Amino acid sequence: MDCYLASLCVFVASALVLGAAAVAASIRPPRPRRSRRVNALGAGCAALGCAVGFAGAVGALINGGATVELLWGLPVGHLVLRLDALSAFFLLPVFGLGFVCALSGGIALRSVRPGEHNLAAHWFFFLLLLTGMACVMCAADAIFFLLAWEIMSLAPFFLIDFNDGDSKVRDASWVYLVAAHLGAVFLIAFFVLLWQVTGSTALTLAACAPLSDAGAGTLSVLFVLAVVGFGAKAGIAPLHVWLPEAHPAAPSHVSALLSGAMINAGLYGLIRALALLGGSPSAGVLGELPEWWGWFLLLLGLATALLGILKALGQGNLKRLLAYSSVENMGLMFMGVGAGLVGVSAGDGWTAALGFAGALLHMLNHAGFKGLLFLCAGEVLHAAGTVRMELLGGLQRRLPLVGAAFALGAAAIACLPPLSGFTSEFVLAMSLLDGASLPGVERQLVLLFTLAGLALVSGLAAAVYVRAYGITFLGEPRTGFAANAHAVGWRGVWPLIIPAAACVAGGLLAPYFFDLAAGTAASAIPLPQGLTGSATGADVQMRRSLAIVAMVSGGGVALAFLLFAARGLLLRRHGVLRENTWGCGYQASSARIQYTAASFAEPLARLFAPGMGLLKRGGAPEGIFPERAVFSTSAPDRLRTHVFAPLFELVERACNACKILQHGKIHLYILYILATVVGLLVWGLRP
Amino acid sequence: MNAPACFLVQLGLALVLAPLLPGVINRVKAKVAGRRGKPLLQTYYDLAKLLGKGEVVSRTTTWTFAAGPGVSLAAALCALALLPMGGVTSPLAFGGDFLLAAYLLGMGRFATMLAALDTGSSFEGMGASREAAFSALGEPALFLAFLTLTSLSLDLGRGEAGLSVVDARAAFSLSALFNGDMAAFWQSGRPELLLAPAVFFALLLAENCRIPVDDPTTHLELTMIHEVMVLDHSGPNLAMIVYGAALKLWFFAALVAGLLVPPLPLWQHAALSLAAIFGIGCCVGLVESGMARLKLTRVPHFLGVAAALAALALILTQAR
């Protein structure tokens, strides 16, 4: 706890210094040396705070949690920080990824010209975001939680708006701001209702005890409010629309942090809310929750995962693709939570324990590989000047280190066995696999078919990431962007070692990570008494399975190296001849005949076009002497353009209609006040 | 002979005999077409020749291209080692290992697809794109078929053998599903189980790029999937690809065989399994002789039918 508080102090203190520097920089003309110093200070302090905080989180996981109550000058609520297992577990990506992103961002922003950006302001908000996330994960009081939530939600607005000369970036940050606040509205409603029912703002099981008498209707309203509010932050469909706008617009170290750590706050809040709603001090466990909660979350998660991965398949912008893939992964985590709840309601300890543990493990792993991929995309943007895949290609030769790191991350997120993505998806799949022992054939079939849906999602994920890596990094450079990309040396990318190592460790040390996740899940969402036995059995067996998975797939990698070496031996005598790619008889080959991102996705796009929301322009050349033909595809978000945009226009029109009341004539405003006072008097004088 | 040794002997046998399987298919096709056909051992000759050659590699390529075949062969080897051999449990078996096997094969595909894209050729990009699409669509069918078997195996463990619930879940392994118990089960009045071998056979055709999904004998048609992906490979790398493809074929044939061969004493089971695997090879040859390749846009329908059959089997199994 001390380390955790120390890291908060580092964040706040350095944020204050940087805030002052930001104000100073906006008054006095910037100078290069000061800008560099501010950059080093911001990145260094953020990294230092994260390192200290990480030590604190690990310490809390080992030694158990602690609670601190600080002074608080507000009339309601208390400033209580509680560092329990769930908080510490969610702090791991916050601090771990925060550390990597701070270092990587510090390196990337060194080359920023001082006149263009106010780096002090950037790092100020970066530190504020870290502070907000760290407080959200530990707040044990509703009011304090909401305050921290607002800090965490507001700071990214300024971070996303870094390149504010670009109108698209400004647009994206506005979309983000609107979405963040709409989500917050539901959360405020959630906490107010919770307060009303329990009579306390403390977020502890004991304080929420009156919930058990609140009645199913109130509980369900609370549940829906929590799902909408936290789901908006997590990027659950159909509330995901801000995510693919905001993440590509932000600088890459910010997108990595948003995608790997901030959206986890949604999952964290949901798990906390479920633990509070389902807990009763007498049973101390998930009591009688309505069964539809679990099914709702499970199917919502599956739908989100499918939508996310299909939309990712349609994207030509690498960072947008990664953002949609975050939607997919969040869907998988929600599926895990849903499976856990279903397991609890149906009395199946195996499904319950593995569902929750799988969701948590996937959260941890996702932070690793998504952080790695976003940072790699940032290096691509830095080196080539664009992340539009159709303009790139052949970057593996220009940026070998970045390419290798991206390949590793892509393999991990596409669930290839020795890496971390496979292990968490394996746990999720095993949780669903036991659907056959649930009572009732409908339950069995839904769970098992969900598993088949999961298989489809992971198959599509493999296609998405083959496309992302293959089109961007392999083959010939398609345009000058890729051909003239400037090399990124070792000094630019060394922070990437940490997430890359996390991807490998998450696979090879999977049993330990699973222990951590399962232990956290068991302490955060204790299962009913009757299920603990089978849950323990499931944990034991899963640990053993994961050990064998690590052994077999690690052996597979070793075998691949052996085969590679054997090939080298065989080739020693004859050698390797380098020639042009065989053009099947066609000699005048050009980089333009390569398969593009759009053509790679075409066979799947033909099937899933409605799901992908594919928009095609132009057509094939026609006639014997064809004219110049143009064809382009894009996959804009239909939910944004067809649902949310009209909705907000409607709201705007309604608000404009209300403007009749606001005309700027003071005497009429005084009349309003008078009328109100008279009205209140009449109401108060009623017998 | 103890069980691990027995398994290893049979695994070795599988590794040696796997390249014979494409030979058998070719021979059957030739016979049906009234030709004499290539020698049965042609794949071995090819492998020996390729291993002794040098490589011609595209200037465009990077290490991804060079590493692809090794990774895909290693993945196929690991997946094969998870299967039971002639009814003998694999020493690596664990609950849920079919997921690992499926994803290992996925890893092999991932590496091959990247190697194909690395050449920068439009043909190979085309092959990779189709492979990605069809494998993604095949995945649900594969899982549904496995799920039918696992939920039955759960019943079996709970009801008949009287296993505890946790042990019953250990029965989620390939070794428990494909050791012949299922064959005993469909013979004793669960005929819906016969849908599972049919689904696995359909997936065998799709995953190994056989007719009706793909035509492994042509090289330059724009309809190609697997063969066009490996166009630029040569020498030892091509040998690894050819051998890896044979192992993958063996893997799927062994899945079908594992459901058809009833539990028997050890050596009879082993012999019958081998016979069944080569019998399935003959079936593939017959199918290839009797059918034309589907139009590519129809392949998803083929996979969809496989998935629907698997779903039907699952529903029937659960509805009992």
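Residues numbered from 1 in each chain as written. Chains lettered and ligands numbered in written order. Predicted model: local features only at pLDDT ≥ 70, side-chain atom pairs only at ≥ 80, totals over all residues. Heavy atoms only, no water.

A. Main features of the overall build of chain B. Secondary structure assignment for chain B yields 14 helices and one strand. In terms of overall dimensions, chain B is globule-like: its C-alpha atoms have a radius of gyration of 19 Å, near the 20 Å expected for 320 residues. For the C-alpha atoms alone, the extent of chain B along its principal axes is close to 60 × 45 × 45 Å. When burial is assessed residue by residue, chain B has 66% of its 320 residues classed as buried. Within chain B, contacts between residues at least 6 apart in sequence are counted, and of these 80% link residues at least 24 apart. Of note, chain B has its 20 positive side-chain charges centred 8 Å away from the centre of its 19 negative side-chain charges. (Helix = DSSP H or I, 4+ residues; strand = E, 2+ residues; numbered from the N terminus. Rg over C-alpha atoms; globule rule 2.2 N^0.38 Å. Buried < 20%, exposed > 50% of the residue type's maximum accessible area, 1.4 Å probe, protein only. Contact = heavy atoms within 4.5 Å. Lys, Arg positive; Asp, Glu negative; His and termini not counted. Charge placed at Lys NZ, Arg CZ, Asp CG, Glu CD.)

B. Up close: the overall build of chain A. A count of helices and strands for chain A gives 25 helices and five strands. Taking 2.2 N^0.38 as the reference for a compact globule, 687 residues should give roughly 26 Å; the C-alpha atoms of chain A span a radius of gyration of 27 Å, in line with that estimate. Each principal axis of the C-alpha distribution contributes one length, and for chain A these read about 100 × 70 × 55 Å. For chain A, buried positions account for 57% of its 687 residues. Pairs at least 24 residues apart make up 80% of the contacts formed inside chain A by residues separated by at least 6 positions. Here chain A displays about 26900 Å² of accessible surface, and carbon together with sulfur accounts for 67% of that area. (Areas by Shrake-Rupley, 256 points an atom, 1.4 Å probe, with all protein chains shown as cover.)

C. Examining the side chain of Arg567 of chain A more closely. In this fold, Arg567 of chain A is placed in helix H22 (residues 529-574). Residue classification places Arg567 of chain A among the buried positions, given a relative accessible area of 9%. With sequence-adjacent residues up to four places away left out, Arg567 of chain A is seen in contact with Glu55, Ala66, Pro236, Asn237 and Met240 of chain B.

D. Region of interest: the environment of Ala202 of chain A. Residue and element names in this part refer to chain A. Along the chain, Ala202 turns up in the loop between helix H6 (167-198) and helix H7 (216-234). Judged by its relative accessible area of 22%, Ala202 falls in the partly exposed class. Ala202 sits 432 residues away from Ser634 along the chain, and the two C-alpha atoms are 48 Å apart. Ala202 has contacts with Ala140, Asp141, Ala207 and Cys208, leaving out every residue within four places of it along the chain.

E. Geometry of the interface of chain A and chain B. The partner chain B presents 79 residues to the 81 residues of chain A that form the contact. Taking both sides of the interface into account, the surface hidden between chain A and chain B amounts to around 6800 Å²; carbon and sulfur atoms contribute 74%. Residues Glu55 of chain B and Arg567 of chain A are paired through a salt bridge, measuring 2.7 Å at the closest nitrogen-oxygen approach. Where chain A meets chain B, there are 19 residue pairs in polar contact (both at pLDDT 80 or more). Elements with a minimum of two residues in the side of chain A that touches chain B: helix H14 (395-398), helix H15 (400-413), helix H16 (420-433), helix H17 (441-473), H22, strand E3 (576-579) and helix H23 (597-612) of chain A. (Buried area = accessible area lost by both parts, 1.4 Å probe. Salt bridge = Lys/Arg side-chain N within 4 Å of Asp/Glu carboxyl O. Polar contact = N/O pair within 3.5 Å; in protein donor to acceptor, adjacent residues only side chain to side chain.)

F. Region of interest: helix H9 (residues 252-262) of chain A. For H9 of chain A, the buried fraction is high: eleven of the eleven residues fall into the buried class. Burial in H9 of chain A covers these residues: Ser252, His253, Val254, Ser255, Ala256, Leu257, Leu258, Ser259, Gly260, Ala261 and Met262 of chain A.

G. The side chain of Thr304 of chain A, seen in detail. All names here are of chain A. Along the chain, the position of Thr304 falls in helix H11 (residues 291-314). Residue classification places Thr304 among the buried positions, given a relative accessible area of 0%. Of note is the side chain of Thr304, whose polar atom sits 2.7 Å from the backbone oxygen of Leu300. Leaving out residues up to four positions away in the same chain, Thr304 has contacts with Gly235, Ile236, Ala237, Val327, Glu328 and Gly331.

H. Focus on a nonpolar patch on the surface. Residues and elements named next belong to chain A. Together, Val178, Leu182, Val185, Phe186, Phe648 and Val651 make up a nonpolar patch on the protein surface, roughly 460 Å² of accessible area in all. Listed by contribution, the elements that provide at least two residues to the nonpolar patch are H6 and helix H24 (638-658). For the nonpolar patch, the element with the most residues is H6, which contributes four residues. Within the secondary structure layout, Val651 lies in helix H24. The exposure class assigned to Val651 is partly exposed, which follows from its relative accessible area of 42%. (Patch = residues over 30% accessible without salt bridge, like charges linked within 9 Å, V, L, I, M, F, W, Y side chains within 5 Å.)

I. How the structure looks around the pattern of salt bridges. Across all of its chains, the model carries 15 salt bridges over all chains by this definition. A salt bridge links Arg190 of chain B to Glu192 of chain B; the nearest nitrogen and oxygen atoms lie 3.1 Å apart. One salt bridge in this structure joins Lys248 of chain B and Glu207 of chain B, with 3.8 Å as the shortest N-O distance. Here Glu207 of chain B lies in helix H10 (residues 195-207) and Lys248 of chain B lies in helix H12 (residues 235-260), a separation of 41 residues in the sequence. Here the two residues Lys248 of chain B and Glu207 of chain B agree in accessibility, since each one is buried. A single salt-bridge network, built from bridges that share partners, covers Asp171, Glu245, Arg320 and Arg640 of chain A.

J. Quick peek at the confidence of the model for chain B. For chain B, per-residue confidence averages 89 on the pLDDT scale, and 94% of positions sit at 70 or higher. With pTM at 0.94, the complex prediction returns an ipTM value of 0.95. (pLDDT = per-residue confidence, 0-100.)

K. Geometry of the environment of Tyr595 of chain A. For Tyr595 of chain A, the position within the fold is in the loop between E3 and H23. Each C-alpha atom of the pair Tyr595 of chain A and Leu372 of chain A lies 26 Å from the other, and the pair is 223 residues apart in sequence. Once residues lying within four places of it in the same chain are set aside, the contact partners of Tyr595 of chain A are Ile471, Arg478 and Phe600 of chain A together with Ser122, Gly125, Met126 and Ser129 of chain B.

L. Region of interest: unusual backbone geometry. Geometrically, the link from Ala237 of chain A to Pro238 of chain A is a cis peptide bond, its omega value of 0° lying close to zero. You can see Pro238 of chain A is positioned in the loop between H7 and helix H8 (243-249). Each neighbour pair has its own omega, and for Ile211 of chain B with Pro212 of chain B the value is 15°, a cis peptide bond. In this structure, Pro212 of chain B sits in the loop between H10 and helix H11 (226-229). Positive phi outside glycine occurs at Cys415 of chain A, with the angle close to 65°. Following the sequence through the fold, Cys415 of chain A ends up in the loop between H15 and H16. Looking at Cys415 of chain A, the relative accessible area reads 2%, which means it is buried. Here the phi dihedral of Cys209 of chain B falls at roughly 55°; this positive angle occurs in a residue that is not glycine. With respect to the secondary-structure elements, Cys209 of chain B resides in the loop between H10 and H11.

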